[in-house]
Protein chains: 2
Amino acid sequence: MTDTKVAGFPAKPLVLDRMGTCVRAGTRLLGLLGADIRHADLAFSFNNQLLSYWERKYLYVPYSVPAEELENAIQGIRALDILACNVTFPHKVAIMNYLDEMDDSTRRMGSVNLVVNREGVLWGYNTDSMGFMDALHATGLMDDLDSALIYGAGGAGRALATALAAAGISKIWLYDIVEARSHAIESRLSHNGCRVCAVAPEDLPHLRPALIVNATPLGRGEQAGVSPLEDLRTGQDARLFFDLNYNPARSRFLQQAGTLGVPAENGLRMMCYQAKRSIDIAVDQVPFDWFYTALRTKEIEQHMVAAGSAPAATP
Amino acid sequence: MTDTKVAGFPAKPLVLDRMGTCVRAGTRLLGLLGADIRHADLAFSFNNQLLSYWERKYLYVPYSVPAEELENAIQGIRALDILACNVTFPHKVAIMNYLDEMDDSTRRMGSVNLVVNREGVLWGYNTDSMGFMDALHATGLMDDLDSALIYGAGGAGRALATALAAAGISKIWLYDIVEARSHAIESRLSHNGCRVCAVAPEDLPHLRPALIVNATPLGRGEQAGVSPLEDLRTGQDARLFFDLNYNPARSRFLQQAGTLGVPAENGLRMMCYQAKRSIDIAVDQVPFDWFYTALRTKEIEQHMVAAGSAPAATP
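Definitions and limits used
Every chain begins its residue count from 1, and numbering advances along the sequence as written. Labels follow written order: the first chain is A, the first ligand is 1, and so on. Given that this is a predicted model, residues contribute local features only at a pLDDT of at least 70 and side-chain atom pairs are listed and counted only at 80 or more, while totals for whole chains, interfaces and linings are drawn from all residues. Excluded from the side-chain calculation are hydrogens and water; included are all heavy atoms of the structure. We call two strands paired when DSSP finds no fewer than two bridges between them. Per the convention used, a helix needs a DSSP run of H or I reaching at least four residues, while a strand needs a run of E reaching at least two, with both numbered from the N terminus. It only takes one pair of heavy atoms within 4.5 Å for two residues to be counted as in contact. Axes here refer to lines fitted to C-alpha atoms; in helices the fit is confined to the stretch in contact. Angles between the N-to-C directions go from 0 to 180 degrees. The quantity called pLDDT is the predictor's confidence in a given residue, expressed from 0 to 100. Multiplying 1.5 Å by the residue count of a helix minus one yields the expected span of that helix. Summary of the burial criterion: residues with accessible area below 20% of their type's maximum are buried, those above 50% are exposed, and those between are partly exposed, where the area comes from a 1.4 Å probe applied to protein chains only. This arc is built from the directions going out from the helix axis to the C-beta atoms. Each reported salt bridge corresponds to a side-chain nitrogen of Lys or Arg within 4 Å of a carboxyl oxygen of Asp or Glu. Whether two aromatic rings pair depends on their centres lying within 6.5 Å, for rings of Phe, Tyr and Trp, where Trp uses its six-membered ring; planes under 30 degrees apart make the pair stacked, over 60 edge-to-face, and the rest tilted. A pair of sulfur atoms, both from cysteines and within 2.5 Å, is called a disulfide here.

### So, the sheet that holds strand S4 (residues 101-102) of chain A
Residue and element names in this part refer to chain A. Judged by pairing direction, the sheet is mixed, and its six strands sit side by side in the order S2-S1-S3-S5-S6-S4 without closing on themselves. On the outer flanks of this sheet lie strand S2 (58-64) and S4, each paired with one strand and no other. Pairing analysis gives four bridges linking strand S1 (residues 28-34) to strand S3 (residues 84-87), with the strands arranged parallel. Paired with Leu32 across the bridge in S3 is Asn86. Running over the sheet, helix H2 (residues 41-51) touches S1 and S2 and is turned about 155° from S2.

Take a look at the structure:
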């Protein structure tokens, strides 16, 4: 060994102690699986804070998986005895092909963001819809929202449209650059008697939705600074702008809300509620006091753009 | 949500802060992959202490994989973008079937305990042999060891026999309950001009090796309290008993060394050196000061049964 002295080597290496206590042999892994999860730092911090309730028994880690490796990755979850994975862009729909079990409501939603490995049997769930509705209720603006426009009809958009329809929002417009995707949701949700419309680009300036949701990746990562909202008139009667992205905290889309004087909510609180719901399903109920304290850590609070007050005590 | 107040909920939840800082989105995973890794708590603690040198950039986690899932697990390492895995019982030999690249010395050894994923290409290494020799040198007894008896001719036994032969030990006896395994090593190492003998059970009481190594799982887990050494005469001229197991710290085998007044070393220091060697290969050189400090943490020190002095400054 040829190592030499390290300049600035600490007399009492605190980092050593901290890292040494994160994992033990019996620690079960949960994770976030997506093609590019670099924007999701806070999800790891928050999930691990929640999971620390069961000291060192669970840990939440990143899994970067490109589309062509998805099937091997799912076999890997089973083979490597990973307990659960949240699933994000672009796998939420494709993953349904590789799961063993799903309840009817998840199957109808057509999108999965949580896989739970129960002794080798892989179950699919959608906690995006739950987390979104929890966060929406927490804004205190729910009563004002009788119509919604959702940008993006991928996995997240599907889940949100289904949840809003179930919550009784009377009119939902869907817009996606791949028009077939919004039409697919339109035809599915119309069976439930909800008025869901897939809209074309030229329709957008004429809509006046109460709620506008960005469920696209526009605004984060390589598309930072980009917003799906091209004509500000679309937002002029809105009561709430909701961006599922949370990094950066105030996207171009949410800055547009500010310009219009409309309350804005980024995706951080939704991610937090979604994380709690996922852990409730995959592991056990996270006590609400624990959840609330994690929600109020400085790290989380400083990234929230709360539409209403400070983090709400109840969803 | 139906959660209620938690009794004893801490005013300042320290665990929350600690766990929240273990992982971020860009953290790369290394792991230990084996059928039963419950005995390996200290490996997680030690590896994560070493990896904390690169703050939150790497994390060492457990992967429990039964034999029939090994191939899917290896595909999973690639698909889930896991950076590296140490490999332990019973996969060290079988895993060689699923790797892409191996250097000649590893191939000759016939055993792999480290897989490194370099952009989808899986490389195999053996750091058991390096860690074992590092630990052996650290005892200060190396000059007294002219002959060795190794119990167990599985993955670890193969690596150790190869390393001892390369180090010039003139006589090596191998014993395994599956006799064919020791014969396989005998014929391979004999090509190198070393005197290696596969021995039968009835030979054991007549041998007088200077070094006796337990490279079987006897002594840990479900086989705690069991020793491979049945006749104490075999150990009466020994200069060192070396048990690759380290949990419990003083196995039945090492207690027998005590009875005979022979110095004893458990596998903890070897695991530590092996961990450093693995990280050196998979990530980058761990500075020796950092290694030495981790080696001297109370958690590690109290599980060592050092044959020589306190943890040595140089291997």
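From this point, the discussion proceeds with the structure in view.
### Some words on the confidence of the model for chain A
Low pLDDT marks stretches whose predicted atomic positions should not be read closely. Residue and element names in this part refer to chain A. In the predicted model, chain A carries a mean pLDDT of 89, and the fraction of residues at 70 or more is 89%. Within the model, the stretch residues 1-14 combines pLDDT values under 50 with 21 contacts to residues more than four positions away or in other chains. In the predicted structure, residues 309-315 sits below a pLDDT of 50 and forms 22 contacts with residues beyond four places in sequence or in another chain.

### What about helix H6 (residues 155-166) of chain A?
All names here are of chain A. When the terminal C-alpha atoms of H6 are compared, their 17 Å separation across twelve residues agrees well with the 16 Å that a helix rising 1.5 Å per residue should span. All buried positions along H6 are accounted for by Gly155, Ala156, Gly157, Arg158, Ala159, Leu160, Ala161, Thr162, Ala163, Leu164 and Ala165. Two residues or fewer after H6 comes Gly168, characterised by a positive phi angle close to 90°.

### Here's the deal with helix H8 (residues 252-260) of chain A
Residues three or four positions apart in an α-helix share a direction because the helix packs 3.6 residues into each turn. Residue and element names in this part refer to chain A. When H8 is considered as a whole, its buried residues turn out to be Phe253, Leu254, Gln256 and Ala257. Each buried residue of H8 sits inside an arc of 150° when the element is viewed along its axis, so together they form one side. Buried positions along H8 lie against strand S10 (211-214), strand S11 (240-243) and strand S12 (264-265). Once H8 ends, the next one or two residues include Gly261, with phi positive near 70°.

### Notes on the sheet that holds strand S6 (residues 121-125) of chain B
All names here are of chain B. Spatially, the six strands line up as an open sheet ordered S2-S1-S3-S5-S6-S4, and their pairing is mixed. The two strands at the open ends of the sheet, each matched to only one other strand, are strand S2 (58-64) and strand S4 (101-102). Where S4 lies against S6, two bridges are found, and the strand directions are parallel. Across the sheet, residue Glu101 finds its bridge partner in S6, namely Trp123.

### Regarding the environment of Pro205 of chain B
With respect to the secondary-structure elements, Pro205 of chain B resides in the loop between strand S9 (195-198) and strand S10 (211-214). With residues up to four places along the chain from it excluded, the contact list for Pro205 of chain B reads Asp231, Arg233 and Thr234 of chain B.

### Details of the pattern of salt bridges
Residues and elements named next belong to chain A. Overall, the coordinates contain 21 salt bridges over all chains when judged by the stated rule. Arg277 serves as the salt-bridge partner of Asp134, at 2.8 Å between the closest nitrogen and oxygen. Within this pair, whereas Asp134 is found in helix H5 (residues 128-138), its partner Arg277 is found in helix H9 (residues 268-282), the two being separated by 143 residues in sequence. What makes Arg277 partly exposed here is its relative accessible area of 24%. Measuring nitrogen to oxygen at the nearest pair gives 2.8 Å for the salt bridge that ties Asp280 to Lys276. Taken together, the positions of Asp280 and Lys276, both in helix H9 and four residues apart, correspond to about one turn of that helix. Taking relative accessible area as the criterion, Asp280 reaches 16% and is therefore assigned buried.

### Some details on the pairing of strand S6 (residues 121-125) of chain A
Residue and element names in this part refer to chain A. In this structure, strand S5 (residues 114-118) lies alongside S6, joined through five bridges in antiparallel fashion. What sits directly across from Leu114, in S6, is Tyr125. The hairpin turn running from S5 into S6, its antiparallel successor, is two residues long, and Glu119 in that turn takes a positive phi close to 50°.

### Describing the packing of aromatic side chains
Summed over all chains, the structure comprises 22 aromatic pairs over all chains. Seen from their ring centres, Phe288 of chain B and Tyr292 of chain B are 6.3 Å apart, and the 15° between their planes marks the pair as stacked. With Phe288 of chain B and Tyr292 of chain B both in helix H10 (residues 288-295) and four residues apart, the pair spans about one turn of that helix. Tyr292 of chain B sits in the partly exposed class, given a relative accessible area of 24%. The rings of Phe46, Tyr273, Phe288, Phe291 and Tyr292 of chain A are connected pair by pair, giving a single aromatic cluster.

### A short note on the state of the cysteines
Across all of its chains, the model carries one disulfide over all chains by this definition. The disulfide that involves Cys22 of chain A links it to Cys22 of chain B, with 1.4 Å between the sulfurs. Between Cys22 of chain A and Cys22 of chain B the disulfide shows an S-S torsion of about -45°. By sign, it is left-handed. Of this pair, Cys22 of chain A sits in the loop between helix H1 (14-20) and S1 while Cys22 of chain B sits in the loop between helix H1 (14-20) and strand S1 (28-34), on two different chains.

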